[in-house]
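Take a look at the letters that make up each chain.
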Amino acid sequence: MIRLFKHYVPNAVLLLGVLDFAMLLVAAELGWVTRAAQIGMAVEPTHTRIPQLLSFAVSLELAMVAVGVYGTDALQSLRFAAARLAVAISLGIIFLALLFFLTPSITFWRSNLLYAMGFATVLLFVLRIVTGTLLGGQAFKRRVIVLGAGPRAQRLKLLGQGAGAGFVVVGYVAMNETNRVIPEAISRDAIHNLADHVVLLNAAEVVLALEERRNALPLKDLLRIKTTGVHVNDISSFLERETGRVDLDSVNPSWLIFSDGFSSGRMLSSVTKRLFDIIASLLLLTLALPLVALAAIAVKLDSRGPVFYRQRRVGLYGVAFDIPKLRSMRTDAEIAGTALWAEKDDPRITRVGRVLRKTRIDELPQCWSVLKGEMSFVGPRPERPQFVADLEEQLPYYAERHMVKPGITGWAQINYPYGASIDDSRQKLEYDLYYAKNYSPFLDLLILLQTLRVVIWSSGAR
């Protein structure tokens, strides 16, 4: 994987993204030339329309990221990829058609867009047919040797066998564990020189997956491996990179303290994030006002009770605040104010409320909390005080998610479906800790883009 702005991007995804961008430029040029030939217009040199070509390629590339074209499912299935590509190209073309009215000098005519859209559809799909086997094969997977043969090593084995894994385990070395569960692991005593063994297997990385590290670290072996140029990693850092989560089963306080990250409080990042929140919330509140008004009328006609309601949540540094939402449940949804998890097909949700939740329209009033500074557009979702009290007792490091400002959308929301249990909260906490640890404006942009995928396919709504 390649680390871009503190976020890990698989090599295959990065390569495919670059190739896609090149194909979009080609499609834009072909669309222009085709339309020009059709109306008998002289075709000027390509450099005279670079802004138009770039506006087309950038817009569609962002749309492809937003709808999940580079997700695991799309990389593994041509049918899935074709569906996502069709949606991405359609959204990109609609955006460009609107952009034409605002800045016609940097965009194509709508007739050019039609041809460019057709060429892009063909070229991008053919590219996936040609590169599908290559990108999904071993060529772009990192060759890994695991030091350990216990349950932790077994976790890496299962992860490497999963669809979309960015690595392949080429060997296991049993380090005198008593709970050995990897039968094919080679005993350390049977290897004369571990560094030579690693080099012979052409491994790019060695992962330390010992069950007990106290007085058991093979320091001489690790030093020799490191000096051969092979990367040495511990299982916590490896899992963070490969899964996009901070694995609670393997981390310890010292890892969190000494590892890189948790820089969201830096002045420049904080100022940039706050300026974006102010501008975006003002813009969205203005544009969404008619939609919120229509939704409010629908809520009022559908069921008795207030249109809006305020709910207590826990925010930055554990300070409680109230968030406004469009009401999507019956007024008797919570008896005596007792907080209850939402369930699948929850009977408390009204007919209109179900639509509002699936489209996330019920959360639009939260832009007011963003404008006030109580929330951000991107961050861990704020939870109810009753839930927080229970979760802090049962989940380690849960309080640490409150060290960053809560958000309307977040890393957990785009990577994990709606959770209504302790186990779900644990999974989402791992994503929240990853976000807090690896925050950057680039990660915020990625989350905002991919929130569109969650809205379009209604994943995570309940």
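See the structure above.
A brief report on the enclosed structure follows. None of the values given here were measured: they were computed from a predicted structure. (Residues numbered from 1 in each chain as written. Predicted model: local features only at pLDDT ≥ 70, side-chain atom pairs only at ≥ 80, totals over all residues. Heavy atoms only, no water.)

### Quick look at the sheet that holds strand β6 (residues 205–208)
Note: strands within a sheet are paired through backbone hydrogen bonds, in either parallel or antiparallel orientation. What counts here: Each pair of strands is called paired provided DSSP finds at least two bridges between the two strands. Helical segments are the DSSP runs of H or I of at least four residues, strand segments are the runs of E of at least two, and each set is numbered from the N terminus.
Pairing in this open sheet of 5 strands is parallel, and the strands run β5-β4-β3-β6-β7 from one edge to the other. Taken across any chain shown, the strands that pair with only one partner, and hence form the sheet edges, are β5 (186–187) and β7 (231–234). Relative to strand β4 (residues 167–174), strand β3 (residues 142–147) runs parallel, the two being bridged by 6 bridges. Its bridge partner lying in β4, Val146 is registered against Tyr172.

### Observations regarding the packing of aromatic side chains
We count it as follows: Here a pair means two rings of Phe, Tyr or Trp (six-membered ring of Trp) with centres within 6.5 Å. Their orientation is stacked below 30 degrees between planes, edge-to-face above 60, and tilted elsewhere. The cut-offs for exposure are 20% and 50% of the maximum accessible area for each residue type, with area from a 1.4 Å probe on protein chains only; residues under the lower value are buried, those over the upper are exposed, and the others partly exposed.
By the definition in use, this model includes 5 aromatic pairs. Their ring planes at 20° and their centres at 5.6 Å tell us that Trp411 and Tyr434 sit as a pair that is stacked. Linking Trp411 in helix α15 (residues 411–415) with Tyr434 in helix α16 (residues 422–437), this pair joins segments that are 23 residues apart in sequence. Like Tyr434, Trp411 is buried. Aromatic side chains Tyr435 and Tyr439 sit 5.8 Å apart centroid to centroid with 70° between the ring planes, which places their arrangement in the edge-to-face category. According to the relative accessible area criterion, Tyr439 is buried, its value standing at 3%.

### Observations concerning empty space enclosed by the protein
Note the threshold: The definitions used throughout rest on a 1 Å grid laid over the protein atoms alone, on which a cavity is an enclosed set of points accommodating a 1.4 Å probe that cannot get out and a pocket is an open set flanked by protein within 12 Å on both sides along at least five of seven lines; lining residues are those having an atom within 4 Å of a point. Grid points are joined across faces, edges and corners, and a volume is the space filled by probe spheres set on the points. In this classification, the charged set is Asp, Glu, Lys and Arg, the nonpolar set is Ala, Val, Leu, Ile, Met, Phe, Trp, Tyr, Cys and Pro, and all remaining amino acids, among them Gly, are polar.
Following the criterion strictly, the structure yields 1 cavity of 30 Å³ or more and no others. By volume, the largest cavity is sized at about 40 Å³. Residue lining of the largest cavity: Val314, Gly315, Pro380, Arg381, Pro382, Arg401, His402, Val404, Lys405 and Pro406, and that is the complete set. Considered class by class, the residues forming the lining of the largest cavity number 5 nonpolar, 2 polar and 3 charged.

### As for the pattern of salt bridges
Definition in use: Just to be clear on terms, a salt bridge is a Lys or Arg side-chain nitrogen sitting within 4 Å of an Asp or Glu carboxyl oxygen.
Going through the model one piece at a time under the given rule, you end up with 17 salt bridges. Because the salt bridges share partners, they merge into one network encompassing Arg142, Glu205, Arg241 and Glu242.

### Notes on the environment of Pro306
Keep this limit in mind: In what follows, residue pairs with any heavy atoms lying within 4.5 Å of each other are defined as contacts.
Locating Pro306 in the fold gives a position in the loop between α11 (267–302) and β8 (308–314). By relative accessible area, Pro306 is classed as partly exposed at 44%. Look past the residues within four positions of Pro306 in its chain and what remains in contact with it is Val299, Arg327 and Thr331.

### A few points about the environment of Val299
In this structure, Val299 sits in helix α11. In this structure the C-alpha to C-alpha distance between Val299 and Arg327, which are 28 residues apart in sequence, comes to 7.1 Å. In this view, Val299 contacts Pro306, Val307, Arg327, Val352 and Leu356; residues no more than four positions away in its chain are not counted.

### Topic: the nonpolar core
Threshold: Side-chain atoms within 4.5 Å are what join buried Ala, Val, Leu, Ile, Met, Phe, Trp, Tyr and Cys residues into a set we call a nonpolar core.
One finds Leu24, Phe56, Leu60, Met64 and Trp411 to be the most contacted residues of the largest nonpolar core, which totals 67 residues. At 9 residues, helix α2 (residues 50–67) tops the list of elements feeding residues into this core. Residue contacts for Met64: discarding those within four places in its chain leaves Asp20, Leu24, Val69, Tyr70, Leu85, Ala88, Leu124 and Arg128. By size, the runner-up hydrophobic cluster in this structure holds 16 residues, among which are Val146, Val169, Ala185 and Ala209.

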